[in-house]
There are 6 protein chains.
Amino acid sequence: MILLTRRATFSAAHYYWNPAWSQEQNEQVFGRCANRNGHGHNYTLEVTVTGRVDAVSGFVVDLKWLKDVIEHEVLDVYDHRHLNLEVPEFATVIPTTENIAIAVWRRLEAPVKAAGGAALSSVRVYETADIFAEFRGE
Amino acid sequence: MILLTRRATFSAAHYYWNPAWSQEQNEQVFGRCANRNGHGHNYTLEVTVTGRVDAVSGFVVDLKWLKDVIEHEVLDVYDHRHLNLEVPEFATVIPTTENIAIAVWRRLEAPVKAAGGAALSSVRVYETADIFAEFRGE
Amino acid sequence: MILLTRRATFSAAHYYWNPAWSQEQNEQVFGRCANRNGHGHNYTLEVTVTGRVDAVSGFVVDLKWLKDVIEHEVLDVYDHRHLNLEVPEFATVIPTTENIAIAVWRRLEAPVKAAGGAALSSVRVYETADIFAEFRGE
Amino acid sequence: MILLTRRATFSAAHYYWNPAWSQEQNEQVFGRCANRNGHGHNYTLEVTVTGRVDAVSGFVVDLKWLKDVIEHEVLDVYDHRHLNLEVPEFATVIPTTENIAIAVWRRLEAPVKAAGGAALSSVRVYETADIFAEFRGE
Amino acid sequence: MILLTRRATFSAAHYYWNPAWSQEQNEQVFGRCANRNGHGHNYTLEVTVTGRVDAVSGFVVDLKWLKDVIEHEVLDVYDHRHLNLEVPEFATVIPTTENIAIAVWRRLEAPVKAAGGAALSSVRVYETADIFAEFRGE
Amino acid sequence: MILLTRRATFSAAHYYWNPAWSQEQNEQVFGRCANRNGHGHNYTLEVTVTGRVDAVSGFVVDLKWLKDVIEHEVLDVYDHRHLNLEVPEFATVIPTTENIAIAVWRRLEAPVKAAGGAALSSVRVYETADIFAEFRGE
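This one's a predicted model, so the numbers in the text were calculated from it and none came from an experiment.

A. Broad picture of the overall build of chain A. Of regular secondary structure, chain A possesses four helices and five strands. What you see in chain A, going N to C, is helices and strands ordered as β-α-β-α-β-α-α-β-β. Each principal axis of the C-alpha atoms in chain A carries an extent, and together these give about 60 × 25 × 25 Å. Put simply, chain A has 138 residues, and 59% of those count as buried. Contacts spanning at least 24 positions in sequence make up 68% of the contacts within chain A whose residues lie at least 6 apart. When the accessible surface of chain A is totalled, it reaches about 5,700 Å², and 49% of it is carbon and sulfur. If you average the places of the 13 positive and of the 18 negative side-chain charges in chain A, the two averages end up 3 Å apart.

Written out as structure tokens, the structure reads:
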């Protein structure tokens, strides 16, 4: 078993806001992130799959295929978008780094499984160089 | 003469939009950046000053002072903000990387000059690791 | 369960010296690190906590709180200090990268636990870009 | 138990080619990597060992020793070489990132074990900043 | 006037060899780089153009256009290639970092000029993180 | 003319202290850097030379030679040392980033000149990722 990782990046806007709270409560919990004009980040994704190395190709999975899956399932939906306003899973879930990692996992788990040969192992999301979240499934 | 540089970062949202153009024209020129919901970046600033090294302190300028100036003049206004909607100089100027470099220069030139001993030499702005603009004054 | 990481940096001096050994023995084992005038590094910390994502806030822990804990418990004590001469845990323990990782874990484990909701998962310490140690508890 | 990692780099040429396939099949599976003139990369290795911290030295292993082992067992054989043409294990195995990680593990496992006190824990190989494979043994 | 830079990467094989010299002379001057099986690198390019910021678009040049020019003029010819064997300008010129910087300049100077509005200012080529060459024209 | 740069790193301890001042004055100007137990950094050097590319070798200078010069003239004296206590030029000059850049220039200018063919163009010193000074000669 080997772990194979592909990195990708996307740029998006977001804000942190709980509609059940007042402006004051939102600012107290979320600080400057509660600004509803939004701010943004260059996010970095690390998508890791695990499986056996195919004896013929030397691949766990074809990295070009994995790149295409990440682009189609994640980047086409997230890149140059406002996460709160344009991405369905963040209509009611706050797009924190933690929740983005979980959402990316859910977008990628089935396509990776369907391809056979490898399983999704972890999704790591960097919001900045100093903050990252990693989800490895339930 | 020596060049001394301080790096700083801020996260902001922006979009590219010329109000004199139709939606189609904006999308043709600006592509995905024309999305008016906004997207965002982790910007990195490199602010360079030039001057003689003070024989007593060994400093061109006090880097703590320079950090404070950058925070007060730039980060307090740009960080966790929507550049188009909340920063005065981008009300009528498109916040491209080039224009952000010029705007940061204009915010920093006078305070650096007022402090004496050093002059602003260049402002470099990274929008991503792959794109940066540098302004060295007129 | 999700892993959430906060990075932080500090600059410190240290040396490697076993007082039970002669100068020759120390130099044989520790090489240039045995120079008792000290040398130093820009250390990078990666502090990882694990827990469930709070459904209301979208947080495992509040990253601002985590930043404050790291600053108060670690950076205030280590940054711009001589680890051997000024940090209590290194009075009798050599401040190798391994021992710094363990010491940072011991400083952070209780405060993270006391806050509830998340547990300390790992502490990684980079001495340089090429050398790092990670401690995950006993 | 603690994890201690040493990073190292080497520059090498390689290509992907299965001699049982036609040129067309190789190009279909391996794309531009099937170019038999070869292309190349700056590879980054992260070699991680695990063990107890020695109470006297503060070391899991002596990092200078680990550096020498990596240089002697891996870099002297791989650096500035054509992996397919000059490295024995890639005479019949395609030098994908996955297979390089496994090959480096096999070169390092015995010497680390023979030294006592620590075991090889993982070998991570970066082909580029965006692609890496990690092997942790069978 | 502002400087605008676009970064790009390519992976290629090369060797250093002067056909007028003996094997011994080549190895004496070029060391391990004289291995004619070739080795390789992940090269990073920084292409900088200079010009006035267009008042309507906020651009010096359209970065998507610049990216396309770099891909068409340089990456399509260099990426996943053996520089000595497959790139015309290195048939008789040794592909050192210096010569690659000059060759990339010559490939980009005319197309940038033809587009109008900006001039090529510098080409920087990183062979590794530790070695880079920069050419600013004659 | 081309610019060729070699990067190198060293780890050292230092402090900022003006013996003509009281403890209070030193702390007021130098803050935490005035701690006389010392602290330290991983310094990164970028040494740039300029010259014509030799038509036979494709080199401005032999980078292995440049590496050896930097190691012999700078790293052997600075690395794993306390700059204030062990490096002659900092006995009476405060080892700020600015002064280190000037001192490295003075150590390298003559040997580069003596080798012929190229001149020292600039010395850049990074104290951390966020602070660097560059000296280009008088």
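B. A look at the interface of chain B and chain A. The interface of chain B with chain A comprises 22 residues on the first partner and 22 residues on the second. Between chain B and chain A the total buried area reaches about 1,700 Å² when both faces are included, carbon and sulfur atoms providing 44% of it. When the area that chain B buries against chain A is broken down by residue, the three leading residues are Arg32(B), Asn42(B) and His80(B), summing to 37%. Here chain B and chain A share two salt bridges between them. Among the salt bridges present, the one from Arg32(A) reaches Asp79(B), with a minimum N-O distance of 3.6 Å.

C. Fine view of the relation of the copies chain F and chain C. By a simple turn and slide, chain F fits onto chain C: the slide is 0.0 Å along the axis, the RMSD is 0.0 Å, and the turn is 180°. These values place the two chain copies in the arrangement generated by a two-fold rotation axis. In this assembly the copies share their binding face: 100% of the residues contributing to the interface of chain F also contribute to that of chain C.

D. Looking closely at the pattern of salt bridges. Residue and element names in this part refer to chain A. As enumerated under the stated definition, the model contains 42 salt bridges over all chains in all. One salt bridge in this structure joins Asp68 and Lys64, with 3.0 Å as the shortest N-O distance. Of this pair, Asp68 and Lys64 are both found in helix α2 (residues 63-78), four residues apart, which corresponds to roughly one turn of the helix. Under the relative-accessibility criterion, Lys64 is labelled exposed at 54%.

E. Just the arrangement of the chains, in detail. Here chain A and chain E are not in contact; the least distance found between their C-alpha atoms is 15 Å. Without any contact between them, chain C and chain E keep their closest C-alpha atoms 12 Å apart.

F. Representation of the environment of Ala119(B) within the structure. Residue and element names in this part refer to chain B. Considering the arrangement of structural elements, one finds Ala119 in strand β4 (residues 118-128). Through-space distance from the C-alpha of Ala119 to that of Asn18 is 34 Å; in sequence the pair is 101 residues apart. Residues in contact with Ala119, not counting those within four places in the same chain, are Thr48, Val49, Thr50 and Val112.

G. Layout of unusual backbone geometry. In this structure, His80(B) takes a positive phi of about 60° despite not being glycine. Judged by relative accessible area, His80(B) falls into the buried class, the value being 15%.

H. Region of the structure containing the packing of aromatic side chains. All names here are of chain B. One pass over the structure, following the stated rule, counts 54 aromatic pairs over all chains. On the basis of an interplanar angle of 80° and a centroid distance of 5.6 Å, the ring pair of Trp105 and Phe135 is categorised as edge-to-face. A residue pair is termed long-range when its members are at least 10 positions apart, and Trp105 in helix α4 (residues 97-115) and Phe135 in strand β5 (residues 131-135) qualify at 30 residues. Grouping residues by exposure puts Trp105 and Phe135 together as buried.

I. Representation of the interface of chain F and chain C in the model. Each partner contributes to the interface: chain F provides 22 residues, whereas chain C provides 22 residues. Between chain F and chain C the total buried area reaches about 1,700 Å² when both faces are included, carbon and sulfur atoms providing 43% of it. Of all residues in chain F, Arg32(F), Asn42(F) and His80(F) give up the largest surface area on contact with chain C, accounting jointly for 37% of the area buried on that side. Seen at the junction of chain F and chain C, the total is two salt bridges. Summed over the shared surface of chain F and chain C, the number is 19 residue pairs in polar contact (both at pLDDT 80 or more). Looking at the side of chain F that touches chain C, the element that brings in the most residues is strand β2 (residues 39-51) of chain F, giving four residues. For the side of chain F that touches chain C, a count of residues per class yields five nonpolar, 11 polar and six charged.

J. The arrangement of the packing of helix α2 (residues 63-78) of chain C against helix α4 (residues 97-115) of chain C in detail. Residues and elements named next belong to chain C. One way to put it is that α2 packs onto α4 with a least axis distance of 10 Å and a crossing angle of 140°. One way to sum up the angle between α2 and α4 is to call them oblique. Where α2 crosses over α4, the two elements pack in a sense that is right-handed. Two secondary-structure elements touch here, α2 through Trp65, Val69, Ile70, Glu73, Val74, Val77 and Tyr78 and α4 through Ile100, Ala103, Val104, Arg107, Leu108, Pro111, Val112 and Ala115. Residues belonging to the contact of α2 with α4 are distributed by class as follows: 13 nonpolar, no polar and two charged.

K. Structural view of the pairing of strand β4 (residues 118-128) of chain E. Residue and element names in this part refer to chain E. Bridge count for strand β2 (residues 39-51) against β4 is eight bridges, and the pairing is antiparallel. Looking across to β4, one finds that Thr50 is bridged to Ala119. Pairing geometry for β4 and strand β5 (residues 131-135), over five bridges, is antiparallel. What sits directly across from Val123, in β5, is Phe135. In sequence, β4 turns back onto β5 through a hairpin of two residues.

L. Layout of the environment of Lys67(B). All names here are of chain B. Within the element layout of this structure, Lys67 appears in helix α2 (residues 63-78). Its relative accessible area of 37% is what places Lys67 among the partly exposed residues. On a C-alpha basis, the gap between Lys67 and Val47 in space is 9.6 Å, while along the polypeptide they are 20 residues apart.

M. Inspection of the environment of Val47(D) at higher detail. Residues and elements named next belong to chain D. Relative to the helices and strands, Val47 is located in strand β2 (residues 39-51). Residue classification places Val47 among the buried residues on the basis of a relative accessible area of 0%. Distance from Val47 to Leu120, taken between C-alpha atoms, is 7.8 Å for residues 73 residues apart in sequence. Those residues in contact with Val47 that sit more than four places away from it in its chain are Leu4, Thr5, Arg6, Leu66, Ile70, Leu108, Leu120 and Ser122.

N. Inspection of the side chain of Asn18(D) at higher detail. For Asn18(D), the location among the structural elements is in the loop between β1 (2-14) and α1 (23-30). Since its relative accessible area comes to 10%, Asn18(D) is described here as buried. Leaving out residues up to four positions away in the same chain, Asn18(D) has contacts with Val56(A), Asn26(D), Phe30(D) and Ile94(D).

O. Local environment of the pairing of β5(B). When you tally the buried positions in β5(B), you get five out of five residues, the bulk of the element. Of the two faces of β5(B), the one carrying Ile131(B), Ala133(B) and Phe135(B) and the one carrying Phe132(B) and Glu134(B) are both buried. Note: β5(B) against strand β1 (residues 2-14) of chain E, five bridges, orientation antiparallel. Counterpart to Phe132(B) in the pairing with β1(E) is Thr5(E).

Calculation notes
- Residues numbered from 1 in each chain as written.
- Chains lettered and ligands numbered in written order.
- Predicted model: local features only at pLDDT ≥ 70, side-chain atom pairs only at ≥ 80, totals over all residues.
- Heavy atoms only, no water.
- Helix = DSSP H or I, 4+ residues; strand = E, 2+ residues; numbered from the N terminus.
- Buried < 20%, exposed > 50% of the residue type's maximum accessible area, 1.4 Å probe, protein only.
- Contact = heavy atoms within 4.5 Å.
- Areas by Shrake-Rupley, 256 points an atom, 1.4 Å probe, with all protein chains shown as cover.
- Lys, Arg positive; Asp, Glu negative; His and termini not counted.
- Charge placed at Lys NZ, Arg CZ, Asp CG, Glu CD.
- Buried area = accessible area lost by both parts, 1.4 Å probe.
- Salt bridge = Lys/Arg side-chain N within 4 Å of Asp/Glu carboxyl O.
- Least-squares fit on C-alpha atoms with pLDDT ≥ 70 in both.
- Phe/Tyr/Trp six-rings, centres within 6.5 Å; stacked < 30°, edge-to-face > 60°.
- Polar contact = N/O pair within 3.5 Å; in protein donor to acceptor, adjacent residues only side chain to side chain.
- Nonpolar A, V, L, I, M, F, W, Y, C, P; charged D, E, K, R; others polar.
- Axes fitted to C-alpha atoms, helices over the stretch in contact; angles between N-to-C directions.
- Parallel < 35°, antiparallel > 145°, perpendicular 65-115°, else oblique.
- Left-handed = near helix turned anticlockwise from the far one by under 90°.
- Pairing = 2+ DSSP bridges.

Scope: geometric values only; no functional claims are made or implied.
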